[in-house]
Amino acid sequence: MRCPQFLKRLTSLAVVFSLCMALVVSTNTKVRATSSDSLLNLPTSKISPDLRKLIDSGGGNSRVRVIVQSTPVTSGGLIGSLLNLVGGIVVATLSNLNIKLVDIQANSADALAEDPSVAYISLDAPVRSSGHVTTTTGAQQSRAQKGALGLPYTLDGSGITIAIIDSGIDAQHKSFAGLSGKIKANKDFTGENRTDDPYGHGTHVAAIAAGDGTATGGAYEGIAPAASLINLRVLNSEGIGTVSGVLAALDWVLANKGAYNVRVVNMSLGTPAISSYVDDPICNSVRKLVNAGVVVVAAAGNNGKDANGRKIYGAIHCPGNEPSAITVGASNTFGTDPRNEDSVTSFSSRGPTRSFSVDAYGQKHFDNLIKPDLVAPGNKIISAEASNNKLIAEYPALETNKYSTSNMKLMYLSGTSMSTPMVAGAAALLLEANSSLTPNMVKMLMMYTAQPLAGFNTLDQPAPWR
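Residues numbered from 1 in each chain as written. Predicted model: local features only at pLDDT ≥ 70, side-chain atom pairs only at ≥ 80, totals over all residues. Heavy atoms only, no water.

Visitor: Describe the overall build of the protein, listing the residues and the values that go with them.
Guide: Each helix and strand counted, the protein has 12 helices and 21 strands in total. By residue count, 51% of the 466 residues in the protein fall in the buried class. Surface summary for the protein: the accessible area is close to 20300 Å², and the carbon and sulfur share equals 55%. (Helix = DSSP H or I, 4+ residues; strand = E, 2+ residues; numbered from the N terminus. Buried < 20%, exposed > 50% of the residue type's maximum accessible area, 1.4 Å probe, protein only. Areas by Shrake-Rupley, 256 points an atom, 1.4 Å probe, with all protein chains shown as cover.)

Spelled out as structure tokens, the structure:
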């Protein structure tokens, strides 16, 4: 009697695949109501809305740093001569992403946009963090496994590397120091020339994804404790970074993923999603990584309510607005393992995505994608505390006082930043179990098996495929 059940599941998967294909078509095709077929393919502006606003508001004479995305084939482009003409300076080139960081006068953006090899120009905007785990998530229950020959093994992320793009990692913390070579590489993209964690966010995030729980007897173990880590520091000592810094980190991952077996990237940070995901440089870079076989997990953001505590919609951050990313919102477990009383936190950003493009007539076309894709625990999460970090200095109440040793202290943090590494760690477990899974398959499996929380709509949490 198992055959009909198998056929039923196969049919369900076929329906899911067709829905995925429909989503791809719908999110990549812009439909406009027009009276003429000639208007169906109106060109969209190659200048981001925030840069255009700066120019139009009288700030066009100010010098700014912009991200210039080029088409893959740029032979015959004019960007070099145009930069000389307008007095622009190339600050950095990210060849793997076809991106240049350029210092120009804001008004010069229009001249650069005339180059056919230029795909999009956007401001180098600020990026900020989006600030009992293994049992409630099910990770602990999945540890013991049996292989094809019936031999037992432990599912703990072994052999998988997770890149943490954040504020650095305190490598001396016992969540990481217990395993030799756990942090495979450290790179700084802030200009501060350090890879530790003076801000305190990245260490907490990294330990949620892959912290070793030996020192705490497994009480505060990461989701994939045996996974390796890459520490890519893009947030400075104040917890602030730049789009260009994030792009440089993503470019590094694309160039070095094979050498370190990077299969998952965790992005517990974001910037307001203004430009459509089709144009945004971070979104395009995330898409390139996903196409190259890397799972990218991004925080939804912490803008789910206004100053008066009222629920708001449409505040998904970038790169959470990128369709290929696994975008994660935050749930509240209330400190218990059963999920039937869990809720979506009030601060968790809700969909739809409101990033947009502007056509030749000045009309906005919003992406309006259904996000987030998943929710995971993100309220008062206890994890590793970086030594002498700014967050604890400013908010002493975050200290748990569970351990007195400086390299074993733990702290509380809440936010979709904490939910994101939960999912990144789970992705590592899936890839350990089946290394041939593609990023889209990992995303589908997670969404398909997600447990819905009662009383919340599809813009609060994902709609599981059942």
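Visitor: Before we move on, can you summarise the pattern of salt bridges with the specific residues and values?
Guide: Evaluation of the coordinates by the stated rule reveals 12 salt bridges. In this structure, the salt-bridge partner of arginine 52 is aspartate 110, at a minimum N-O distance of 2.6 Å. Highlighted residues: arginine 52 in helix α2 (residues 49–59) and aspartate 110 in helix α4 (residues 109–113), separated in sequence by 58 residues. Between aspartate 188 and arginine 233 there is a salt bridge; the shortest N-O distance is 3.0 Å. With aspartate 188 in strand β9 (residues 183–188) and arginine 233 in strand β10 (residues 228–233), this pair connects stretches of sequence that are 45 residues apart. Arginine 233 sits in the buried class, given a relative accessible area of 0%. Beyond isolated ion pairs, a larger network of salt bridges with shared partners links Arg52, Asp56 and Asp110. (Salt bridge = Lys/Arg side-chain N within 4 Å of Asp/Glu carboxyl O.)

Visitor: Could you give me a rundown of the sheet that holds strand β11 (residues 240–242), with the residues and numbers involved?
Guide: Strand order across the open sheet formed by three strands is β11-β5-β13, with antiparallel pairing between neighbours. Looking at which strands have only one partner, the edges of the open sheet turn out to be β11 and β13 (269–270). Across the face of the sheet, helix α8 (residues 243–260) comes into contact with β5 (126–129), β11 and β13 while running at roughly 70 degrees to β11. (Pairing = 2+ DSSP bridges. Contact = heavy atoms within 4.5 Å. Axes fitted to C-alpha atoms, helices over the stretch in contact; angles between N-to-C directions.)

Visitor: An account of the packing of aromatic side chains is needed here, citing residue identities and associated values.
Guide: Applying the stated rule across the entire model yields two aromatic pairs. Taken together, a centroid distance of 5.6 Å and an interplanar angle of 25 degrees make the contact between tryptophan 252 and tyrosine 260 stacked. Given a relative accessible area of 13%, tryptophan 252 falls into the buried group. A residue is classified by how much of its surface remains accessible, and tyrosine 260, at 24% relative accessible area, is partly exposed. Over the aromatic face of phenylalanine 366 sits the side chain of arginine 354, whose NZ or CZ is 3.8 Å from the ring centroid. (Phe/Tyr/Trp six-rings, centres within 6.5 Å; stacked < 30°, edge-to-face > 60°. Lys NZ or Arg CZ within 6 Å of the ring centre and 35° of its normal.)

Visitor: Could you give me a rundown of the sheet that holds strand β1 (residues 63–70), with the residues and numbers involved?
Guide: Sheet architecture is open: four strands sit in the order β2-β3-β1-β4, paired in antiparallel fashion. This sheet does not close on itself; its edge strands, each paired only once, are β2 (89–94) and β4 (118–123). Direction aside, neighbouring strands of the sheet carry axes that sit 25 degrees apart on average. Two elements, β1 and β4, share five bridges in a ladder whose sense is antiparallel. Considered in β4, the bridge of serine 70 is made with valine 118. Across the sheet, α2 touches β1 and β4, and the angle it forms with β4 is around 65 degrees. Along the sheet face, helix α9 (residues 281–291) touches β1, β3 (99–105) and β4 and points at about 35 degrees away from the line of β1.

Visitor: Lay out the nonpolar core in plain terms, naming residues and giving numbers.
Guide: Membership of the largest hydrophobic core comes to 44 residues, with the highest contact counts inside it found for Leu229, Val264 and Ile326. Here the element with the most residues in this core is helix α11 (residues 416–433); it accounts for eight residues. Among the nonpolar cores identified, the runner-up in size contains 40 residues, and Leu101, Val253, Met267 and Val290 belong to it. (Core = buried A, V, L, I, M, F, W, Y, C linked by side-chain atoms within 4.5 Å.)

Visitor: Residue-level account of the side chain of threonine 345, with values.
Guide: With respect to the helices and strands, threonine 345 occurs in the loop between β16 (343–344) and β17 (356–358). Residue classification places threonine 345 among the buried positions, given a relative accessible area of 5%. Non-local contacts of threonine 345, meaning those with residues more than four positions away in its chain, are made with Ala330, Ser331, Asn332, Arg350 and Asn379.

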